[in-house]
Amino acid sequence: MPLISEFMTSALSPRHAQRLEICYLSQINPDDGTAVKHGFSQSPKTLPPRYLYDERGSQLFEQICELPEYYPTRTEAAILANCVDELARLTGPCELIELGSGSSTKTRRLLDAYQALSPKLHYVPIDVSAEILVASARDLLDAYPSLFVRGLAGTYEQGLAQLGASSQAARLVLFLGSTLGNFAPAASDRFLAQLAAALAPGDYFLLGIDLRKDARILEAAYNDRQGITAAFNRNVLAHLNWRFQADFDLELFQHRAVYNRDAHQIEMYLDCQQACQVHLAALAWTAEFAAGESIRTEISRKFDLAALSQVLTQHQLVPLQHWQDAPQWFAVILCQRSAATASRDR
Ligand SMILES: C[S@@+](CC[C@H](N)C(=O)[O-])C[C@H]1O[C@@H](n2cnc3c(N)ncnc32)[C@H](O)[C@@H]1O
């Protein structure tokens with residue numbers, strides 16, 4: 001297999017060229033806007049959360065991770081720092097694959113632990129936000145001289161379909177940051193079924209999840225005082241403006257994030273302050289917004305550990321061990337793909 005993918009479009013520096021492959025999967029399956037048109041035809045209007053992440057959205061998310069109110073990143077990082085050696089002992093050497101890898105900052109703890117186990121270090125980050133994927137891969141190659149990176153720039157579905165043969169006897173798929181919480185239950189079931197089907201029996205899945213807690217803590221985390229989350233939320237419209245040549249006026253939309261206690265999820269909205277029409281030229285399509293109408297841009301489900309463990313087991317992803325912080329705000333679960341065939345039709 002060539003080290004530089006035929007789908008590579010950006011220039012690589014010579015010192016990285018032999019250890020970096022980037023596949024631009026979204027160039028093979030370009031975004032035709034179907035999901036946007038579908039979401040804007042719903043009531044309330046919705047958008048897939050992946051549109052929150054273009055280059056600017058990823059930069060804003062990195063700033064969110066540093067906010068005092070946003071506890072998930074530092075809590076999960078602390079759990080990982082404490083558990084990675086035990087984790088690596090449990091799994092043995094693995095190829096590391098990461099879904100929604102972003103800056104791969106927390107991944108460094110895992111790379112440290114797996115590097116100590118085996119000189120062969122292979123990492124496959126998958127992220128829809130190509131700029132942060134490539135920049136993070138380059139930083140990792142500088143920090144880890146024996147590392148090989150095969151970055152897949154595309155959606156989770158596109159990336160999982162392109163895994164190919166493993167470079168190690170086993171694989172460990174990372175899904176950190178409680179990103180699973182962005183899926184509604186039915187979509188989560190479809191995602192877990194696809195993941196289980198992509199893994200071989202004996203492979204591992206490491207999942208970081210945000211747990212249920214006082215609504216005031218949750219709402220503060222998504223309504224920070226500096227307004228970074230509001231800028232991140234509004235940026236979804238700037239993303240649609242460049243991707244689909246749309247004409248959203250960002251000033252007309254206001255950020256709102258609330259905890260829905262019945263559904264156990266944070267819901268993030270953009271509330272339209274004034275009736276308007278928005279034309280998406282690349283889709284030859286116009287969307288109407290009434291004054292006071294909302295677009296739901298993200299859900300972030302907060303999990304019950306026991307209930308989620310059952311769901312994972314139903315998908316042949318059997319929890320082996322989990323680690324938590326002392327106040328039990330966040331958990332990291334290690335699962336193993338069981339030998340039974342995963343059901344795809346849940
Ligand atoms: C909540 S952030 C988490 C980033 C990082 N894993 C962490 O724990 O800090 C979600 C990441 O997933 C990526 N992402 C969102 N939707 C995606 C999708 N449908 N397919 C692939 N990547 C996606 C985003 O670009 C972003 O980097």
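What counts, and where the lines are drawn
Residues numbered from 1 in each chain as written. Predicted model: local features only at pLDDT ≥ 70, side-chain atom pairs only at ≥ 80, totals over all residues. Heavy atoms only, no water. Near = heavy atom within 4 Å. Polar contact = N/O pair within 3.5 Å; in protein donor to acceptor, adjacent residues only side chain to side chain. Areas by Shrake-Rupley, 256 points an atom, 1.4 Å probe, with all protein chains shown as cover. Pairing = 2+ DSSP bridges. Helix = DSSP H or I, 4+ residues; strand = E, 2+ residues; numbered from the N terminus. Contact = heavy atoms within 4.5 Å. Axes fitted to C-alpha atoms, helices over the stretch in contact; angles between N-to-C directions. Disulfide = S-S within 2.5 Å. Salt bridge = Lys/Arg side-chain N within 4 Å of Asp/Glu carboxyl O. Buried < 20%, exposed > 50% of the residue type's maximum accessible area, 1.4 Å probe, protein only. Lys, Arg positive; Asp, Glu negative; His and termini not counted. Domains from an automatic or database assignment. Buried area = accessible area lost by both parts, 1.4 Å probe. Nonpolar A, V, L, I, M, F, W, Y, C, P; charged D, E, K, R; others polar.

A. View of the site of the ligand. Near the ligand lie 17 residues; those nearest to it are Gly100, Lys106, Asp127, Thr155 and Tyr156. Glycine 100 has a polar backbone atom sitting 2.7 Å from a nitrogen atom of the ligand. Measuring from an oxygen atom of the ligand, one finds a backbone N or O atom of glycine 177 at 3.4 Å. When the ligand sits alone it has 590 Å² of accessible area, and the protein chains cover 93% of it.

B. Examining the sheet that holds strand β8 (residues 253-260) more closely. The strand order across the open sheet formed by four strands is β2-β12-β9-β8, and the pairing between neighbours is mixed. The sheet is open, and its two borders are formed by β2 (45-46) and β8, each paired with just one other strand. Sheet analysis places strand β9 (residues 265-272) next to strand β12 (residues 294-301), joined by seven bridges and oriented antiparallel. Note on β12: the bridge partner recorded for methionine 268 is glutamate 298. Packing of helix α11 (residues 228-243) onto the sheet brings it into contact with β8, β9 and β12, and relative to β9 it is tilted by some 60°.

C. Focus on the state of the cysteines. Inspection of every chain in the model, using the stated rule, returns zero disulfides. Distance from the sulfur of cysteine 335, which forms no disulfide, to the nearest cysteine sulfur (cysteine 83) is 13 Å.

D. Structural context of the pattern of salt bridges. For the structure shown, the criterion picks out 10 salt bridges. Aspartate 112 is the salt-bridge partner of arginine 109, the closest N and O atoms lying 3.4 Å from each other. Of this pair, arginine 109 and aspartate 112 both sit in helix α6 (residues 107-117), three residues apart, which is roughly one turn of that helix. The class of arginine 109 is partly exposed, set by a relative accessible area of 35%. What makes aspartate 112 partly exposed here is its relative accessible area of 32%. Among the ionic pairs, aspartate 210 bridges to lysine 213, the shortest N-O distance being 2.7 Å. The buried category is assigned to lysine 213, whose relative accessible area is 13%. Because the salt bridges share partners, they merge into one network encompassing Asp210, Lys213 and Lys302.

E. Looking closely at the side chain of glutamate 98. With respect to the helices and strands, the residue glutamate 98 is situated in strand β3 (residues 95-99). Here glutamate 98 is buried and forms no salt bridge, its nearest opposite-charge partner lysine 106 lying at an N-O distance of 6.8 Å. At 2.6 Å, the side chain of glutamate 98 and the side chain of tyrosine 123 are in polar contact. Non-local contacts of glutamate 98, meaning those with residues more than four positions away in its chain, are made with Ser104, Thr107, Tyr123, Val124, Pro125, Ile126, Leu174 and Leu176.

F. Inspection of the side chain of threonine 107 at higher detail. Structurally, threonine 107 can be placed in helix α6. In this structure threonine 107 touches Glu98, Tyr123 and Leu174, once residues within four positions along its chain are discounted.

G. Seen up close, the domain arrangement of the chain. Per the domain assignment, the segments of the chain are domain 1 (36-46 + 224-301) and domain 2 (70-211 + 303-337). Using only C-alpha atoms to locate each centre, domain 1 and domain 2 end up separated by 29 Å. Contact with domain 1, which involves four residues of that partner, is made by nine residues of domain 2. Here domain 1 packs against domain 2, burying approximately 530 Å² in sum over the two surfaces, 41% of which is carbon and sulfur. For the interface between domain 1 and domain 2, the tally reads zero salt bridges. For the pair domain 1 and domain 2, the number of links is three residue pairs in polar contact (both at pLDDT 80 or more). Of the residues in the side of domain 1 that touches domain 2, the class split is one nonpolar, one polar and two charged.

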